[in-house]
Amino acid sequence: IFQNPLPLAPIATPASSTNVNGQQIDFYEVTIEPFQKQIYPDLGPANLVGYNGVAPGPTYYVKKGTQTVIRYHNNHTDDSVVHLHGSATHTPWDGWPSDSIALGQYKDYYYPNDQNARSIWYHDHADGITTLNCFRGLIGTYIIYDPEEDKLNLPTGKYDVPLMITDKMYTDSGDLVSVANESEDFVGDIMEVNGQPWPYLEVEPRKYRLRLYNTATSRPLDIHVEQSNGDWLDFQVIASDSGLFGSPVNSNQVTMGMAERYEIVVDFSAFANQNLTLKNAFALSGPGYPQFDNMDLVMSFVVGNSVNDWSSNEVPSTLNPNINWPEDRDEVDHTFRFQRGDNVWTINGVDFDDVNNRILARPPQGSTQRWRLVYAGGPGYHPVHVHLVDFKILSRTGGSRGVLPYESAGLKDIVLLEPGETVDIEAHYGPWNGLYMFHCHNLRHEDSMMMASFNVTRLET
Ligand code: C2O
Ligand code: CU
């Protein structure tokens, strides 16, 4: 089944660079455009849409503190909105769903990149068609790096691999199935990594840093690495949504809701000349989920027998000692209930089209708030994403598990709510003020209005 090599997206390069009073600003130009790709050699091409005509789009490597301006031209008939997920972006460039770029237009997005090193991503956020646009390919990796991280000697260069994992489905003629305008969860029957169904990656018998992204529409993943005898490999989880942990967490699996990221370091040194398999063990529960073959398979690692370069082969016991944890707070400031309404999905009974009621919180700029997120109805999963902030997961109750060790080892921007669960999160509201969104990242729910807004209110001076 693992017939084709893992593709890696091209690396984005700035069209120009300027320096204003010591501040470096890199300018990029990207075109959102339709293209065709032969996913199945024997069938017709799939009609995709990509950033610069590739899907996933180019990978950005941006040094902390270097500002970026990215001009997105839209050469596609459907509206597009770009959101840099995990970035503390000022509101005009944060990807408000109706702030769309129409065919023939462009918009310049400005990003301060002032956060610590982290694996974030950019993706479409257009009103009602986010599922469709992301499914057709409008997603990409954006990596912020910083000098503190560089000093750690973690696997780098070709030993540092972003893996955007998603499920897809194609018709008999080789094109994508239609995923528009429905409110039920979508799960596909093909597992793709970086745009390739079930790929393989040739690796050397040494350590690799794997940046795992769940970019699926509605499917949570439970990722592990399996040996040929069926045993699960132990690895080190070193980072999540908002960057490196204080210290690595040992595990042999990571549960990942849609849009969550975990970075793991896998040591292949004991497996020369063997194959290992990246697998998914998440059991979709509840009605409405078709069960397809091979959705437990993700990709394969073909381990060679020699190592080209032994540098950057470390995982120090201290990674980031300076995580910016919000101060503890016992009082719950807001409780948000995620459930189905009439034909839409709602948060506290409000859907995003309800423009007079959709601002559900007004945290003062600089304040810390504790939010209680409640799974109040399904079917399906509700990964809850809060724009702008990094949050700490305080508790998880009501389901079969508590807070997982790697969930609380670093800050996050998204947390999975499974049926019955209540999760408390705490965040420091800043650095900017203004109107932001929080929403379910099950894209079918998101397109069916399971979004709300919060207004970080400006401090009076
Ligand atoms: Cu990844 Cu509001 O989105
Ligand atoms: Cu949801």
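Remember, it's a predicted structure, so these values are computed and weren't measured experimentally. (Residues numbered from 1 in each chain as written. Chains lettered and ligands numbered in written order. Predicted model: local features only at pLDDT ≥ 70, side-chain atom pairs only at ≥ 80, totals over all residues. Heavy atoms only, no water.)

In this section: the overall build of the chain. Counting its regular elements, the chain contains three helices and 31 strands. Taking 461 residues into account, the globule formula puts the C-alpha radius of gyration at 23 Å, and the chain, at 21 Å, falls close to it. With the C-alpha coordinates of the chain rotated into their principal frame, the extents come out at 65 × 50 × 50 Å. By residue count, 59% of the 461 residues in the chain fall in the buried class. (Helix = DSSP H or I, 4+ residues; strand = E, 2+ residues; numbered from the N terminus. Rg over C-alpha atoms; globule rule 2.2 N^0.38 Å. Buried < 20%, exposed > 50% of the residue type's maximum accessible area, 1.4 Å probe, protein only.)

So, about the domain arrangement of the chain. Each domain of the chain was delimited in the assignment, giving domain 1 (16-145), domain 2 (157-303) and domain 3 (334-456). On a C-alpha basis, the centroid separation for the pair domain 1 and domain 2 is 22 Å. By the criterion of area lost to domain 2, the three top residues of domain 1 are Ser119, Trp121 and Phe135, representing 30% of everything that side buries. Connecting domain 1 to domain 2 are zero salt bridges. Connecting domain 1 to domain 2 are nine residue pairs in polar contact (both at pLDDT 80 or more). For the side of domain 1 that touches domain 2, the elements supplying multiple residues, two or more each, are strand E3 (46-51), strand E8 (118-124), helix H1 (130-135) and strand E9 (139-145). Per-element accounting of the side of domain 1 that touches domain 2 gives the leading share, five residues, to E9. Within the side of domain 1 that touches domain 2, the residues separate by chemical class into 17 nonpolar, ten polar and three charged. (Domains from an automatic or database assignment. Buried area = accessible area lost by both parts, 1.4 Å probe. Salt bridge = Lys/Arg side-chain N within 4 Å of Asp/Glu carboxyl O. Polar contact = N/O pair within 3.5 Å; in protein donor to acceptor, adjacent residues only side chain to side chain. Nonpolar A, V, L, I, M, F, W, Y, C, P; charged D, E, K, R; others polar.)

Turning our attention to the pattern of salt bridges. Side-chain pairs of opposite charge can arise where the charged atoms are in close proximity. Inspection of the entire model under this criterion finds 27 salt bridges. One salt bridge in this structure joins Glu204 and Lys158, with 3.1 Å as the shortest N-O distance. Here Lys158 lies in the loop between helix H2 (147-150) and strand E10 (160-168) and Glu204 lies in the loop between strand E13 (200-203) and strand E14 (207-214), a separation of 46 residues in the sequence. With relative accessibility at 52%, the residue Lys158 sits in the exposed group. One salt bridge in this structure joins Arg261 and Asp241, with 3.7 Å as the shortest N-O distance. Of this pair, Arg261 sits in strand E19 (residues 261-267) while Asp241 sits in the loop between strand E16 (235-240) and strand E17 (243-251), and the two are 20 residues apart along the sequence. Of the two residues examined, Arg261 and Asp241, each falls in the buried class.

Reference values for angles at a metal are 109.5 degrees in the four-donor tetrahedral case and 90 or 180 degrees in the six-donor octahedral case. The protein atoms that coordinate the copper ion (ligand 2) are His382 (ND1), Cys440 (SG) and His445 (ND1), at distances of 2.0 to 2.1 Å. Binding-site remark: the copper ion (ligand 2) is held by donors from one chain whose sequence spacing is H-x57-C-x4-H. Separated by 58 residues along the polypeptide, His382 in strand E26 (residues 382-386) and Cys440 in strand E30 (residues 434-440) bring together distant segments of the chain. Exposure class is identical for His382 and Cys440. Each is buried. (Donors = N, O, S within 2.8 Å, 3.2 Å for Na, K, Ca; no water.)

Residue placement: Glu426 occurs in strand E29 (residues 422-428). One buried charged residue, Glu426, remains without a salt bridge, the closest side chain of opposite sign being Lys392 at 4.5 Å. At 2.7 Å, the side chain of Glu426 and the backbone nitrogen of Arg329 are in polar contact. (Lys, Arg positive; Asp, Glu negative; His and termini not counted.)

By the secondary structure assignment, Lys107 is in strand E7 (residues 106-111). A distance of 2.6 Å separates the side chain of Lys107 from the backbone oxygen of Pro92, its partner in a polar contact. Filtering out sequence-adjacent residues up to four positions away, Lys107 remains in contact with Ile70, Arg71, Tyr72, Pro92, Trp93, Asp99 and Ile101. (Contact = heavy atoms within 4.5 Å.)

On to the sheet that holds E29. In space, the five strands of this open sheet follow the order E23-E22-E25-E29-E27, with mixed pairing throughout. The outermost strands of the open sheet, each flanked by one partner alone, are strand E23 (345-347) and strand E27 (391-397). For this sheet, the mean inter-axis angle between neighbouring strands, taken without regard to orientation, is 20 degrees. Taken together, the seven bridges between strand E25 (residues 368-375) and E29 define a ladder with antiparallel strand orientation. Bridge pairing in E29 links Thr368 to His428. (Pairing = 2+ DSSP bridges. Axes fitted to C-alpha atoms, helices over the stretch in contact; angles between N-to-C directions.)

Let us now look at the sheet that holds E8. Taken in spatial order, the four strands line up as E4-E9-E8-E6 in an open sheet, and their pairing is mixed. Only two strands of the sheet have a single neighbouring strand rather than two, namely strand E4 (57-63) and strand E6 (82-85). Neighbour-to-neighbour, the strand axes of this sheet turn through a mean angle of 20 degrees, independent of strand direction. Examined bridge by bridge, E6 and E8 share four bridges and lie antiparallel to one another. Residue pairing for E8: Leu84 is matched across the bridge by Tyr122.

With 84 residues, the main nonpolar core has Tyr60, Tyr72, Tyr142, Leu163 and Ile165 as its most contacted residues. In terms of residues, this core owes the most to one element, strand E21 (residues 297-303), which gives five residues. Residue contacts for Tyr72: discarding those within four places in its chain leaves Val30, Ile32, Tyr51, Tyr60, Val82, Ile101, Gln105, Tyr106, Lys107, Tyr109 and Tyr122. (Core = buried A, V, L, I, M, F, W, Y, C linked by side-chain atoms within 4.5 Å.)

Tallied over the entire structure, the rule returns 27 aromatic pairs. A ring pair is formed by Phe135 and Phe186, whose centres lie 5.2 Å apart and whose planes are at 80 degrees; its orientation type is edge-to-face. Note that Phe135 is positioned in helix H1 and Phe186 in the loop between E10 and strand E11 (190-193), a separation of 51 residues in sequence. For the pair shown, Phe135 and Phe186 are each scored as buried. Connected via pairs of aromatic rings, a cluster forms that spans Tyr28, Tyr51, Tyr60, Tyr72, Tyr109, Tyr111, Tyr122 and Tyr142. The ring of Phe135 carries the charged tip of Lys168 above its face, separated from the ring centre by 5.5 Å. (Phe/Tyr/Trp six-rings, centres within 6.5 Å; stacked < 30°, edge-to-face > 60°. Lys NZ or Arg CZ within 6 Å of the ring centre and 35° of its normal.)

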